[in-house]
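# Breakdown of the fold
Read off the chains here:
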Amino acid sequence: MDQAIIEGLDFREKSERAQSLTLFPIARPISLLTNATDQRAERLELPVWTRGRNAEIARNGRRGIRVAAGALLGAGPGVCEGNSVAMAGSAAVAAPGPSAPRRLNVNVGVLGHIDSGKTALARALSTTGSTAAFDRAPQSRARGITLDLGFSCLRTPLPPHLGPGPGELQLTLVDCPGHASLIRTIIGGAQIIDLMMLVIDVTKGMQTQSAECLVIGQIACQKMVVVLNKIDLFPEGKRQAAIEKMTKKMQKTLENTKFQGCPIAAVAAKPGGPEAPETVNPLGVSELIEVLKSQAYLPTRDPMGPFLMAIDHCFSIKGQGTVMTGTVLSGSVSLGDNVEIPALKVTKKVKSMQMFHTPVTYAMQGDRVGVCVTQFDPKLLERGLICTPESLQTIHAAVISLKKIQYFRGALQTKAKFHITVGHETVMGKVMFFSPTPADFSKEPLENAFDFEKEYLYQEEYLSKGSKSSEENKENDQTGEGQLPRQQWALLEFEKPVTCPKFCLVIGSKLDTDIHANTCRLAFHGILLQGMEDKNYVETFLPKLKMYKLKHKEGQVERVLDDYSVIGRSLFKKETNIQIFVGLKVKLSTGEDGVIEGGFGQSGKFKIRIPNGLKPDTKVFLTVPSKKKSKAGKGDTAKEDESSKVDSAQPVTVSLLFKRYVFDTQKKMIQS
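Residues numbered from 1 in each chain as written. Predicted model: local features only at pLDDT ≥ 70, side-chain atom pairs only at ≥ 80, totals over all residues. Heavy atoms only, no water.

### Focus on the overall build of the protein
When helices and strands are counted, the protein shows 12 helices and 36 strands. The 672 residues of the protein split such that 51% are buried. In the protein, the proportion of contacts linking residues at least 24 apart, taken out of those at least 6 apart, comes to 69%. By element, 49% of the accessible surface of the protein is carried by carbon and sulfur atoms, the whole surface being about 32300 Å². (Helix = DSSP H or I, 4+ residues; strand = E, 2+ residues; numbered from the N terminus. Buried < 20%, exposed > 50% of the residue type's maximum accessible area, 1.4 Å probe, protein only. Contact = heavy atoms within 4.5 Å. Areas by Shrake-Rupley, 256 points an atom, 1.4 Å probe, with all protein chains shown as cover.)

And the structure:
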């Protein structure tokens, strides 16, 4: 981004004023100050993006001080007790000060079709806008649509079901684009939300991108609220009937999803449309806030483990440093911590942090935060990840556990290319599907683990009802009457390396599909189980993956040599090296087991030894003379034998079954 904007800086400040700000790292407890200067401001306990001369600090006796409302630029309420400043900041825990209210943060995604009014709704709900809220980017304003993720927040008293008060519920609104071409951004936004608002234009109902957003929500989110927007477009006399009709339609649509029975609210976020004056009050927003409060829950927040943060905006402030804003995906971060930008292999120290205009010293999983570092060019990181140094892997391929998205039309074919979204990065990748061995199809799926000691069965496509591979397995009786496996996997090979954590969400899409086609472009989703960091993974890693193909060749018995030997044909091509098949077991359609002894002549025929001998019935069947008359003389026994070739409408077949490991460089054929 080329705008000098940041979480915690008032966007309305003139650029000159923003550029004159001085960033102070604050490391020591505050003490009694009568004249605030830039030098003394360094003694503050919290990071402050502000100018020393603007800090109005008043003496309040020997017990301490109070920082006035104007002391911190957009810092919000701050209360000093004794010798420390208490600021509410962390998502799921109380702020450090004993008198500070408890603040719970819940990330709420605002998703829906383009022009359904998502940004207007986010604006109507918000009490605080970040630097990346409400389409502030010039490109968004010029085109009149949301082009990137927008962030703002709604602060409201903590509802009783979330714990005893006093406290504050902070709903961080993640405004996602609605245009079909921005699906990558939508997927990235969906991965950081706890609760989803699906915004529907009440005059149009479900549209193509509404449906895709619903699919993404089912993958990435646990709870949802449907918002029927633009109810002001109906005359007041017909409004309620229209709302009830659309409510019933949406309830029907959601019947077979995880969001069955979810709340549905009706609003007009901007009555009169985009050109209406700002003085026009929205309709139904207060009721929607109550619905959101009722649906808010205590999300799982774990400050332990490596720090990982998804960066969505990165920019510099002259004389201050570079600010990276985003959402903490795991772990926690504090002032002074070293963080790595893994895509660039660069490590920087955290100079200061803010959350929605509030300076903080600490952030944990789920928090929306701006992190300031120095001596880093923001042009190098438009979007990406920062983390605890050396905690992330950069991988060239991966094994994932996956499920097909039921709305995707068509088969998922091995060797096909998909747009693979890994974490917050999307690259092209090739897939290879595989399943458990048929004996393990009904076994309990393994959660967040992959066993390299087990064998796996290669599949030409993802197995599902009606798929070609599942029908073949049923015919071959490999799966126990066509049973489908409870878990399936895929090997992903990326066209360029990606940096991601283990066990991150993976989504496969066909984003090159016509955006005007009424079809779901999302094909599958899964969890990354094992990444391959070595560029030469084909030689160093893949041989550990015991994935095999079942090979089935079929030929015919041509004639009998003796009670223990027959000659076969049509199993191999003329140019095949039959010697590599010597010793492999075969089975005759009449029930006898045999072993390939070697080639016979130069035309691809072969000799089979029958250890237990041919059955009498088989021998009689195989030695029935041909109806063709022999041209041989009376004593020409060789030609007489030739005339004894099998010439039956149902010849005796020879079946050769073996398996070959896909990544075995020696291409060995193995029979159990």
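There's plenty left to go through after this.
### Looking at helix 8 (residues 285-295)
For helix 8, the set of buried residues is Val-285, Leu-288, Ile-289, Val-291, Leu-292, Lys-293 and Gln-295. As for helix 8, its buried residues are in contact with helix 3 (118-125), strand 9 (150-157), strand 10 (167-175), strand 11 (195-201), strand 12 (223-229) and strand 13 (264-266).

### Looking at the side chain of Lys-348
If you trace the backbone, Lys-348 turns up in strand 18 (residues 346-349). Buried within the structure, Lys-348 lacks any salt-bridge partner; its nearest side chain of opposite charge belongs to Asp-377, at an N-O separation of 11 Å. A distance of 2.7 Å separates the side chain of Lys-348 from the backbone oxygen of Gln-375, its partner in a polar contact. Residues in contact with Lys-348, not counting those within four places in the same chain, are Asp-337, Asn-338, Val-339, Val-373, Thr-374, Gln-375 and Phe-376. (Lys, Arg positive; Asp, Glu negative; His and termini not counted. Salt bridge = Lys/Arg side-chain N within 4 Å of Asp/Glu carboxyl O. Polar contact = N/O pair within 3.5 Å; in protein donor to acceptor, adjacent residues only side chain to side chain.)

### Describing the pairing of strand 31 (residues 547-562)
Judged from the two bridges that link them, strand 27 (residues 456-459) and strand 31 form a sheet pairing that is parallel. Opposite Leu-457, over in strand 31, you have Tyr-548 as the bridge partner. As paired strands, strand 31 and strand 36 (residues 653-661) are joined by nine bridges and run antiparallel to one another. Looking across to strand 36, one finds that Gly-555 is bridged to Val-654. Pairing analysis gives five bridges linking strand 31 to strand 32 (residues 565-569), with the strands arranged antiparallel. Note that in strand 32 the partner of Val-557 across the bridge is Gly-568. Connecting strand 31 to the next strand, strand 32, in antiparallel fashion are two residues. (Pairing = 2+ DSSP bridges.)

### Let's talk about the nonpolar core
The biggest cluster of nonpolar side chains holds 27 residues, and the ones touching the most others in it are Leu-121, Leu-125, Leu-169, Met-197, Val-225, Leu-288 and Leu-292. Elements supplying a minimum of two residues to this core: strand 7 (102-112), helix 3, strand 10, strand 11, strand 12 and helix 8. Looking at which element gives the most residues to this core, the answer is helix 8, with five residues. Residues in contact with Leu-288, not counting those within four places in the same chain, are Leu-121, Leu-125, Met-197, Val-225, Val-227, Ala-265 and Val-267. (Core = buried A, V, L, I, M, F, W, Y, C linked by side-chain atoms within 4.5 Å.)

### Considerations on the packing of aromatic side chains
Counting across every chain of the model gives 15 aromatic pairs. With a centroid separation of 5.3 Å and an interplanar angle of 75°, the aromatic rings of Phe-418 and Phe-524 are classed as edge-to-face. One end of the pair, Phe-418, is in strand 25 (residues 417-422); the other, Phe-524, is in strand 30 (residues 522-532), and 106 residues separate them in sequence. Looking at Phe-418, the relative accessible area reads 1%, which means it is buried. Judged by relative accessible area, which is 0%, Phe-524 ranks as buried. Here the aromatic rings of Phe-572 and Phe-606 are separated by 5.3 Å at their centres, their planes lie at 70°, and the arrangement is edge-to-face. Separated by 34 residues along the polypeptide, Phe-572 in the loop between strand 32 and strand 33 (585-588) and Phe-606 in strand 35 (residues 606-609) bring together distant segments of the chain. For the residue pair Phe-572 and Phe-606, the accessibility class agrees, reading buried in each case. Among the aromatic residues, those joined into a cluster by ring pairs are Phe-434, Phe-450, Phe-452, Tyr-456, Trp-489 and Phe-541. Its guanidinium or amino end placed over the ring of Phe-418, Lys-510 lies 4.6 Å from that ring's centre, counting from NZ or CZ. The ring of Tyr-458 is capped by Lys-549, whose NZ or CZ atom sits 4.5 Å from the centre of that ring. (Phe/Tyr/Trp six-rings, centres within 6.5 Å; stacked < 30°, edge-to-face > 60°. Lys NZ or Arg CZ within 6 Å of the ring centre and 35° of its normal.)

### With respect to unusual backbone geometry
Look at Lys-415: it is not a glycine, yet its phi comes out positive at around 75°. Within the fold, Lys-415 resides in the loop between strand 24 (393-404) and strand 25. In this structure, Asn-448 is a non-glycine residue whose phi angle is positive, near 50°. Within the element layout of this structure, Asn-448 appears in the loop between strand 26 (425-436) and strand 27.

### Details of the side chain of Arg-239
Of note, Arg-239 is situated in helix 7 (residues 236-253). For the buried Arg-239, no salt bridge is present, and the opposite-charge side chain at shortest range is Glu-236, 4.9 Å distant. Residues within four places of Arg-239 in sequence aside, it is in contact with Ile-231, Asp-232, Phe-234 and Leu-283.

### Examining the pattern of salt bridges
For the structure on display, the rule yields 18 salt bridges. Among the salt bridges present, the one from Asp-201 reaches Lys-230, with a minimum N-O distance of 3.6 Å. Separated by 29 residues along the polypeptide, Asp-201 in strand 11 and Lys-230 in the loop between strand 12 and helix 7 bring together distant segments of the chain. Look at Lys-230 and you get partly exposed, because its relative accessible area is 24%. For Glu-558, the salt bridge identified is with Arg-569, shortest N-O distance 3.7 Å. With Glu-558 in strand 31 and Arg-569 in strand 32, this residue pair connects regions lying 11 residues apart in the sequence. A residue is classified by how much of its surface remains accessible, and Arg-569, at 29% relative accessible area, is partly exposed.

### Details of the environment of Glu-597
Note that Glu-597 resides in strand 34 (residues 593-599). Taking the C-alpha atoms as reference points, Glu-597 and Gln-579, 18 residues apart in sequence, are found 8.7 Å from one another. Leaving out residues up to four positions away in the same chain, Glu-597 has contacts with Val-582, Lys-607 and Arg-609. A distance of 3.0 Å separates a polar atom in the side chain of Glu-597 from a polar atom in the side chain of Arg-609.

### Section: the confidence of the model for the protein
Per-residue pLDDT for the protein has a mean of 78; in total, 74% of the residues score no lower than 70. Across residues 1-99, where pLDDT falls below 50, the model places 212 contacts with residues more than four positions away in sequence or in other chains. Note that pLDDT drops below 50 for residues 475-480; the model gives that stretch eight contacts with residues more than four away or on any other chain. (pLDDT = per-residue confidence, 0-100.)

### Some points on the packing of helix 3 against helix 8
Taken N-terminus to C-terminus, the directions of helix 3 and helix 8 make an angle of 85°; their axes are 10 Å apart at the nearest point. Looking at the two axes, helix 3 sits roughly perpendicular to helix 8. Of the residues in helix 8, those in contact with Leu-121, Ala-124 and Leu-125 of helix 3 are Val-285, Leu-288, Ile-289 and Leu-292. Residue composition of the contact of helix 3 with helix 8, by class: seven nonpolar, no polar and no charged. (Axes fitted to C-alpha atoms, helices over the stretch in contact; angles between N-to-C directions. Parallel < 35°, antiparallel > 145°, perpendicular 65-115°, else oblique. Nonpolar A, V, L, I, M, F, W, Y, C, P; charged D, E, K, R; others polar.)

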